Amino acid sequence: MRYSQTFIPTLKETPAEAEVISHRLMLRAGFIRKLTAGVYSYLPFGLAAIRKVEQIVREEMNRAGALELLMPMVQPADLWRETGRYEKYGPELLRFTDRHDRESCLGPTHEEVITDLVRGEVRSYRQLPLNLYQIQSKFRDEIRPRFGLMRGREFIMKDAYSFDVDDEQAGISYQKMYAAYQRIFARCGLQFRAVEADSGSIGGSYSHEFMVLAKTGEDTLAVCQHCDYAANVEKAAIKATADASVEPLLALVKIETPGKRKVEAVCEFLGIKSDKLIKTLIYMVTGGAEGVGTAGENSQQGYALAVLVRGDREVQEVKLKNLLGAAVVELAEDKAVFDLTGVPTGYLGPVGALGLKMKVVADFEIATMRNCVVGAGEKNFHLQNVNLGRDFEVDILADLRQIAEDDPCPHCGGVLGQIEGIEVGHIFKLGTVYSSPMRAVFQDQDGHERPMIMGCYGIGISRIVAAAIEQNHDDNGIVFPVAIAPAQVIILNLGLKDGAITAVAESLYAQLQTQGLTVLLDDRDERPGSKFKDADLLGIPFRVTVGTRLGKDGMIEIRHRRDGLTVDLAPDQAVKYLHDQISAALNQIEG
RNA sequence: CGGGGCGUAGCGCAGUCUGGUAGCGCACUUGACUGGGGGUCAAGUGGCCGGAGGUUCAAAUCCUCUCGUCCCGACCA
């Protein structure tokens, strides 16, 4: 690439719309431009980085035996109805009708399409296993797109789907993908961690997320400091504590607590710690499974549910959702709470009439508490010395709260830490969630018809580039890992009008390309300062400066972007030096 | 979906409170000088002040409505 012939519109100033570092730098470096909310054009240099990532993903998927294909982005609604997801998926699924009034949607993921494809072609166990993948733009109509490529509505994703004859084989497919993912992210030069995860709207039995560790991460991970346990806090299980409090039960007391609604205020007023208080939260649940909602109410319309957790704990809504089999759970608004219960928020409690109005579910921890404080179910009053079993009952006890830093590791009991991460990959064991309703079946050796056992495996290609920048930058710009840099070397010609300097720069450019390196030759008629600044901003790992020094001592300068290490070499040594450096960087990661 | 911010030249912003000739920096064009960390000087180009309606002699500025965009929240009583 010759800089003068390419299109890399760098910006000196940061556009006002960008908040996080990767977004800012990608705009400034001329990688992306926004078309509309959450939708970006990839400019040539940004695309080059994306292509590098794609290539690594391709190589590792192929190595793991997966086969590339490409599926349509526009999908018929009827296909989604077969699995019920046309109704369940929610507003993230962009729906529209075509000129014939056929209902359609833009594919946010492709389980239905791939399952439809495979069920039409695969009849026999002899044709399995099968793992098919594609790299394609996806569209999800996110509530709130943000952070540039980190959470766009349109984004590039690699999605793979495996089909196996039985659970054991499916486990092998899953493990192959797990290993391939480890290699992919390592090769990309990322610091990452695989964690246990919730399977979300995709469904299925278990899954792992691959998280790039970065402060701007949207997910929080619970990581054991002793064993190798790591999980998304949405998922991190908490064991029911066996040892209940042994305090003697005290007599129930009603206390006036005027204006004290918040946990903090109540605790301060009563002189207790928040771990003596039970919060009563009202949730609105939609799409819930039968038997959990209030009798007589249609679960499609939603129902209210009371959730109890200790005062200093937080409800983990994903756990709640999973417990209920619900599509959506959301905290009821103050007005709705009053309309339902006749009690203003802040004074709700499980004692008395609440249980008649709605089901009450509680976190396990509630069962271990004695002589607690709860809202009295009456404005400006709380109850003290409340006890489960004596003063109130709950319908379900379950693991409902979010894991906290003081919780022990669920595996080894060790100390847990919490860190932030950016989800760049997610693998799911699906089982027959799609193959059963869609009748993707085959005949086994005995001639029996059986549903295929599926898995699915996603990687956010465009997000990887953003995550890599979050993890690799400094005050001057991006610091790309060699493997995914849009160019490995940039040559600065600082003497355009000097025949000798230009000749050396051109010669190096040609020779490095012959070595198979990707090179950007800055042949623009710009001042040296601008060239240095742009080279830093773009994050190219190696910078070769050919300037006046050549005439003085015959040397050119090579600078490492990451650590600023500078070496002066004669031009004929530079090619080997760079080739060796880059090979070493790539091989070290590739293993 | 709630709360807040912002829409004025390609980008970053001032001007809006208190109505009266649309500005600054960067970028861009031309020329000269300059040439190893975003240079200097000179001369230029570029704006339906997001859109619609209203008030007024007069609107970027006041009023109403819209559209876009960004941030926060949707984690708690």
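Fair warning: this is a prediction, and the values are worked out from it, not measured in the lab.

Give me the side chain of Thr 257: which residues, what numbers.
Along the chain, Thr 257 turns up in the loop between β13 (253-256) and α7 (263-270). Here the side chain of Thr 257 touches His 382 through a polar contact of 2.7 Å, side chain to side chain. Setting aside residues up to four positions removed in sequence, Thr 257 forms contacts with Phe 269, Leu 270, Tyr 347, Asn 380, Phe 381 and His 382.

I'd like a description of the packing of aromatic side chains, backed by residues and values.
Under the counting rule described, the total for this entry stands at 11 aromatic pairs. Between Arg 95 and the ring centre of Tyr 86, over which it is positioned, the NZ or CZ distance is 4.7 Å. The positively charged end of Arg 524 is found above the aromatic ring belonging to Tyr 3, 3.6 Å away from the centroid.

Please set out a nonpolar patch on the surface residue by residue, giving values where relevant.
Side chains of Met 73, Val 74 and Phe 96 sit close together on the surface and give an oily, nonpolar patch of about 220 Å² of accessible area. Taking relative accessible area as the criterion, Phe 96 reaches 31% and is therefore assigned partly exposed.

An account of the sheet that holds strand β17 (residues 359-363) is needed here, citing residue identities and associated values.
As summarised here, the arrangement of the 5 strands in space is β16-β14-β15-β17-β20, forming an open sheet in which the pairing is mixed. Of all strands in the sheet, those with a lone pairing partner are β16 (328-331) and β20 (396-398), marking the two edges. Geometrically, the sheet is characterised by an average inter-axis angle of 30° between neighbouring strands, direction not taken into account. In this structure, β17 lies alongside β20, joined through 3 bridges in parallel fashion. Residue pairing across strands places Val 361 opposite Ile 396, the latter belonging to β20.

Any details on the side chain of Asp 534? Residues and values, ideally.
Relative to the helices and strands, Asp 534 resides in helix α13 (residues 528-538). The class for Asp 534 is buried, based on a relative accessible area of 10%. Of the polar contacts made by the side chain of Asp 534, one reaches the side chain of Thr 10; its length is 3.0 Å.

Before we move on, can you summarise the sheet that holds strand β27 (residues 489-493) with the specific residues and values?
Across the sheet, 5 strands lie side by side as β28-β27-β29-β30-β31; this open sheet has mixed pairing. Looking at strand neighbours, the two that pair on one side only are β28 (519-522) and β31 (566-569), the edges of this open sheet. For this sheet, the mean angle separating the axes of adjacent strands, direction not counted, is 20°. For strand β30 (residues 556-560) and β31, the ladder comprises 4 bridges, and the chain directions are antiparallel.

Explain the protein's contact with RNA strand B to me, and be specific about the residues and the numbers.
As a matter of local geometry, RNA strand B sits amid 50 residues, with Arg 144, Glu 314, Val 315, Thr 345 and Gly 346 nearest to it. The protein-proximal atoms of RNA strand B, defined as those within 4 Å of the protein, are 44% sugar or phosphate. Within the side chain of Arg 527, one N or O atom sits 2.4 Å away from a base oxygen of RNA strand B. Contact between RNA strand B and Asp 536: a base nitrogen at 2.5 Å from a side-chain N or O atom of the residue. Of all the secondary structure elements, the ones that give two or more residues to the surface near RNA strand B are β1 (32-36), β14 (278-286), α9 (334-341), α13, β29 (542-546) and β30. Tallying contributions element by element places α13 first for the surface near RNA strand B, with 7 residues. Each residue belonging to the surface near RNA strand B can be placed in one class, and the counts come to 16 nonpolar, 10 polar and 24 charged.

Summarise the domain arrangement of chain A; cite the residues concerned and give the values.
Segmenting chain A into domains produces domain 1 (3-237 + 417-470), domain 2 (253-398) and domain 3 (487-590). With 6 residues of domain 1 at the contact, the number on the domain 2 side is 4 residues. Approximately 380 Å² of surface area, both sides summed, lies buried where domain 1 meets domain 2, with 46% of it carried by carbon and sulfur atoms. When grouped by side-chain class, the residues that make up the side of domain 1 that touches domain 2 number 3 nonpolar, no polar and 3 charged.

Can you lay out the pattern of salt bridges for me, pointing to particular residues and giving the numbers?
Within the structure shown, the criterion is met by 47 salt bridges. A salt bridge links Arg 543 to Asp 536; the shortest N-O distance between them is 3.9 Å. Comparing Arg 543 with Asp 536, the two get one shared label, buried. Of the charged contacts in the structure, one is a salt bridge between Asp 536 and Arg 561, with a shortest N-O distance of 4.0 Å. On the criterion of sequence distance, the pair formed by Asp 536 in helix α13 and Arg 561 in the loop between β30 and β31 is long-range, its members being 25 residues apart. Among the residues examined, Asp 536 registers a relative accessible area of 14% and is labelled buried.

If you had to explain the nonpolar core to someone new, which residues and values would you point to?
Within soluble globular proteins, side chains that are nonpolar generally end up buried alongside one another. Ranked by internal contacts, the top residues of the largest apolar core, which has 63 residues, are Phe 31, Tyr 181, Phe 185, Leu 520 and Leu 538. In terms of domain composition, this core takes at least three residues from each of domain 1 (3-237 + 417-470) and domain 3 (487-590). Those residues in contact with Phe 31 that lie beyond four places of it in its chain are Met 26, Ser 41, Tyr 42, Leu 43, Phe 45, Gly 46, Ile 478, Phe 480, Pro 486 and Leu 538. Of all hydrophobic cores here, the second largest spans 26 residues; its members include Cys 105, Leu 128, Leu 132 and Met 452.

Scoring rules and cut-offs
- Residues numbered from 1 in each chain as written.
- Chains lettered and ligands numbered in written order.
- Predicted model: local features only at pLDDT ≥ 70, side-chain atom pairs only at ≥ 80, totals over all residues.
- Heavy atoms only, no water.
- Helix = DSSP H or I, 4+ residues; strand = E, 2+ residues; numbered from the N terminus.
- Polar contact = N/O pair within 3.5 Å; in protein donor to acceptor, adjacent residues only side chain to side chain.
- Contact = heavy atoms within 4.5 Å.
- Phe/Tyr/Trp six-rings, centres within 6.5 Å; stacked < 30°, edge-to-face > 60°.
- Lys NZ or Arg CZ within 6 Å of the ring centre and 35° of its normal.
- Patch = residues over 30% accessible without salt bridge, like charges linked within 9 Å, V, L, I, M, F, W, Y side chains within 5 Å.
- Areas by Shrake-Rupley, 256 points an atom, 1.4 Å probe, with all protein chains shown as cover.
- Salt bridge = Lys/Arg side-chain N within 4 Å of Asp/Glu carboxyl O.
- Buried < 20%, exposed > 50% of the residue type's maximum accessible area, 1.4 Å probe, protein only.
- Pairing = 2+ DSSP bridges.
- Axes fitted to C-alpha atoms, helices over the stretch in contact; angles between N-to-C directions.
- Near = heavy atom within 4 Å.
- Nonpolar A, V, L, I, M, F, W, Y, C, P; charged D, E, K, R; others polar.
- Domains from an automatic or database assignment.
- Buried area = accessible area lost by both parts, 1.4 Å probe.
- Core = buried A, V, L, I, M, F, W, Y, C linked by side-chain atoms within 4.5 Å.

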